[in-house]
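# Coordinate inspection notes
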Amino acid sequence: GPVLYEAETPIGKVIVGGDGPNVYITDAALILDLGGNDLYLNNAGGTRPEMPVTMVIDWGGNDSYISKENFSQAAGVLGSGVLIDLGGNDTFVSLDGSQGTGFWGIGFLYHGDGSSIFNSRKLSQGAGQMGIGLIVNRKGDSKYLCSHLGQALGLFGGAGILIDESGADYYQLGGMEPDFRDPLKSTVSMG
């Protein structure tokens, strides 16, 4: 889709995408997307050492957020990471410390109306340590899949919050770390 504006600034890359389908590959401090079925293969509101404040605002469409990096998709590590998706049937796939996670910072993920899938490995989906991790999902049938340590988890000095307003939702936590009490039959969830 069309890119209406793109520039390197002192705070990092700034991109304004049009209302068609866009693909975002490089990390950015600020992305404003006016709509369309977009694909985010970047930090998507996750802080980086050179970008302590990051934000994505997507006005709609059936978007996919897929990251192969830790601390992506609204992850605030020593800073603030924000991802606001105002609607659509969206998919969020990430590794560790993602999807509304704050470590010595603030991570905030907001999803508006529409069904969504949140899939992460660990320390995700509203997890906070010496910070605040917050994930808010407004309406729609959603799936939350996290393998370990997540889904409204507050570690020392932190708060983890997961708010889902309505819908027929599914939560799965665990399946990654064997439980020492019966390692062949059970796993630890910690959420």
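In short, a report on the structure. (Residues numbered from 1 in each chain as written. Predicted model: local features only at pLDDT ≥ 70, side-chain atom pairs only at ≥ 80, totals over all residues. Heavy atoms only, no water.)

## A few points about the overall build of the protein chain
Rule in force here: Starting at the N terminus, helices and strands are each numbered in turn, a helix being any DSSP run of H or I of at least four residues and a strand any DSSP run of E of at least two. C-alpha atoms define the radius of gyration in this analysis, and the globule rule sets the expected value at 2.2 Å times the number of residues to the power 0.38. By definition in these notes, contact holds between two residues if any of their heavy atoms fall within 4.5 Å. Using a 1.4 Å probe, accessible areas were evaluated by the Shrake-Rupley method; residue-level cover was limited to the displayed protein chains. We score Asp and Glu as negative and Lys and Arg as positive, and we do not count His or the chain ends. Positions of charges follow a simple convention, taking NZ of Lys, CZ of Arg, CG of Asp or CD of Glu.
For the protein chain, the count of helices and strands is zero helices and 21 strands. Whereas a compact globule of 191 residues would reach a radius of gyration of roughly 16 Å, the protein chain reaches 16 Å, a difference of no more than 12%. Projected onto the principal axes, the alpha-carbon positions of the protein chain cover approximately 55 × 35 × 25 Å. Residue pairs in contact within the protein chain that sit at least 24 positions apart in sequence constitute 65% of those at least 6 positions apart. In the structure as shown, the protein chain presents an accessible area of about 8,500 Å², 61% of it carried by carbon and sulfur atoms. Here the protein chain holds 10 positive side-chain charges and 21 negative ones, and the gap between their average locations is 9 Å.

## Focus on the nonpolar core
Stated precisely, the cut-off is as follows: Each nonpolar core is a collection of buried residues, namely Ala, Val, Leu, Ile, Met, Phe, Trp, Tyr and Cys, held together in the definition by side-chain atoms within 4.5 Å. The buried label goes to any residue with under 20% of its type's maximum accessible area, the exposed label to any with over 50%, and the partly exposed label to all in between, with areas taken from a 1.4 Å probe on protein chains only.
Ranked by size, the top nonpolar core spans 16 residues in total, and within it Ile31, Tyr40, Leu83 and Leu109 carry the most contacts. Leave out the neighbours within four places in its chain, and Tyr40 touches Tyr24, Ile31, Asp33, Val56, Asp58, Ser64, Tyr65 and Ile66. Among the nonpolar cores identified, the runner-up in size contains five residues, and Phe103, Leu123, Leu149 and Leu153 belong to it.

## Some remarks on the environment of Asn37
What counts here: Each polar contact in these results corresponds to two N or O atoms within 3.5 Å; when the atoms are within protein, one needs to be able to donate a hydrogen and the other to accept it, and residues that are neighboring in sequence are counted only if both atoms are side-chain atoms.
Counting through the fold element by element, Asn37 comes out in the loop between β4 (30–33) and β5 (39–40). Judged by its relative accessible area of 47%, Asn37 is partly exposed. Once the C-alpha coordinates of Asn37 and Asp164 are considered, the two residues, 127 residues apart in sequence, prove to be 23 Å apart. If sequence neighbours within four positions are ignored, Asn37 has contacts with Pro21, Asn22, Gly61, Asn62 and Asp63. Reaching out from Asn37, the side chain makes a polar contact with the backbone nitrogen of Asn62 at a distance of 2.8 Å.

## Details of the pairing of strand β15 (residues 132–139)
So the rule is basically this: Pairing between two strands requires that DSSP report at least two bridges joining them.
Pairing of strand β12 (residues 106–113) with β15, which is carried by seven bridges, proceeds in the parallel orientation. Bridging across to β15, Tyr110 finds its partner in Val136.

## Some words on the packing of aromatic side chains
To keep it simple, the criterion reads: Note on ring pairs: Phe, Tyr and Trp rings are taken, using the six-membered ring of Trp, and paired if centres are within 6.5 Å. Classes follow the plane angle, with under 30 degrees stacked, over 60 edge-to-face and the rest tilted.
Evaluated as defined, the whole model comprises eight aromatic pairs. For the pair Phe71 and Phe103, a centre-to-centre distance of 5.9 Å together with 85 degrees between the ring planes defines the contact as edge-to-face. Residue Phe71 is located in the loop between β7 (64–66) and β8 (75–77), and its partner Phe103 is located in strand β11 (residues 101–103); the two are separated by 32 residues in the primary sequence. For Phe71, a relative accessible area of 32% gives the class partly exposed.

## Section: the sheet that holds strand β18 (residues 159–164)
Rules: Between N-to-C directions, angles cover 0 to 180 degrees, with each direction set by a line fitted to C-alpha atoms, over the stretch in contact for helices.
An order of β1-β2-β4-β6-β9-β12-β15-β18 is seen for the eight strands of this open sheet, with the pairing classed as mixed. Each edge of the open sheet carries a strand with a single partner, namely β1 (3–9) and β18. Within the sheet, the average angular offset between the axes of one strand and its neighbour, ignoring direction, is 5 degrees. Alignment of β15 against β18, held across six bridges, turns out to be parallel. What sits directly across from Gly133, in β18, is Gly160.

## Overview of unusual backbone geometry
Of note, Gln125 is a non-glycine position whose phi angle comes to about 60 degrees, a positive value. By the element assignment, Gln125 lies in the loop between β13 (116–124) and β14 (127–129). By relative accessible area, Gln125 is classed as buried at 0%. A positive phi angle is found at Gln151, which is not glycine, with a value near 55 degrees.

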